[in-house]
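Here are the chains, one letter per residue:
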Amino acid sequence: MPEDTAKIRCLNLCPTTAQLRKPVLPAFVADLVDLESLALPTPLVAHLTSTVPSLVISHQHDYPMPAAPVALPGLRALMWVTSVTEPSLTQVVDLPPSLEFLRTNVSGDEEVLRQIRNLTSLRHLELVDLKNVDVFDYLTAPLEALEIAGTDRDFPIARLASLTTVEALRLNGIRAEIDCSVFRELPDLVELTVLNSKKIM
């Protein structure tokens, strides 16, 4: 146990494979009243007894899943970090309406998009592994920052023009053709990053 828990603001829990067979949060976590950010693997999520402002959940294919999505009221930032397409984030966490920052893979899961549609407080959104899924009808919040990563050739990139509040845009691994004229339709855009995308017109 750390000597001075009052000073801990960020915590990264990295249990061993053996410990994850019987997942338990360290007892001292309950005493971290000023904890602002917590990173932990999927099996520990169901054991959270209180919500921190920012949560990073990592997942691997052999991790056990919670019996039901975990409610985390008041959560403001959530990152779902995984290299596998199943399960989806919504099988682990009920996305709370308080979210302002979200990173998640889509991987063809429309339930993720349906929940995103209800997140009207979102300001920063990172969507990974979109393939050709048209996400734009689900983006109802006035986003200020958006990352789109991992699309196929038929992804409707021109529909970016509908996101008129975006100030920072990052495109990574876009296999669809990017017509740069779409950026002129974003009146508040001040920061643009395009990576690993070859078809730029």
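Everything in this summary refers to the structure shown in the same document.

The rules behind the values
- Residues numbered from 1 in each chain as written.
- Predicted model: local features only at pLDDT ≥ 70, side-chain atom pairs only at ≥ 80, totals over all residues.
- Heavy atoms only, no water.
- Helix = DSSP H or I, 4+ residues; strand = E, 2+ residues; numbered from the N terminus.
- Buried < 20%, exposed > 50% of the residue type's maximum accessible area, 1.4 Å probe, protein only.
- Contact = heavy atoms within 4.5 Å.
- Phe/Tyr/Trp six-rings, centres within 6.5 Å; stacked < 30°, edge-to-face > 60°.
- Salt bridge = Lys/Arg side-chain N within 4 Å of Asp/Glu carboxyl O.

1. Here's the deal with the environment of Val70
Here Val70 lies in strand S4 (residues 70-71). On the basis of relative accessible area, Val70 is assigned to the buried category, the value being 13%.

2. Looking at the environment of Leu163
Along the polypeptide, Leu163 turns up in the loop between strand S9 (145-151) and strand S10 (168-174). Each C-alpha atom of the pair Leu163 and Asp188 lies 9.7 Å from the other, and the pair is 25 residues apart in sequence. Those residues within four positions of Leu163 in sequence are excluded, and the remaining contacts are Phe136, Leu139, Leu146 and Leu186.

3. Quick word on the packing of aromatic side chains
When we look at a pair of aromatic rings, we describe it by the centre distance and by the angle of the planes. Scanning all chains against the criterion turns up one aromatic pair. When the ring of Phe136 is compared with that of Phe155, the centres are 5.7 Å apart and the planes differ by 45°; the resulting orientation is tilted. One end of the pair, Phe136, is in the loop between strand S8 (124-131) and S9; the other, Phe155, is in the loop between S9 and S10, with 19 residues separating them in the sequence. Given the relative accessible area of 4%, Phe136 is considered buried. We classify Phe155 as buried; its relative accessible area is 3%.

4. Notes on the pattern of salt bridges
One pass over the structure, following the stated rule, counts nine salt bridges. A salt bridge links Arg9 to Asp34, with the shortest nitrogen-to-oxygen separation between them at 4.0 Å. One end of the pair, Arg9, is in the segment before strand S1 (10-12); the other, Asp34, is in the loop between helix H1 (17-20) and strand S2 (37-41), with 25 residues separating them in the sequence. The exposure class assigned to Asp34 is partly exposed, which follows from its relative accessible area of 39%. With its nearest N and O atoms 2.8 Å apart, the salt bridge here joins Lys131 to Asp129.

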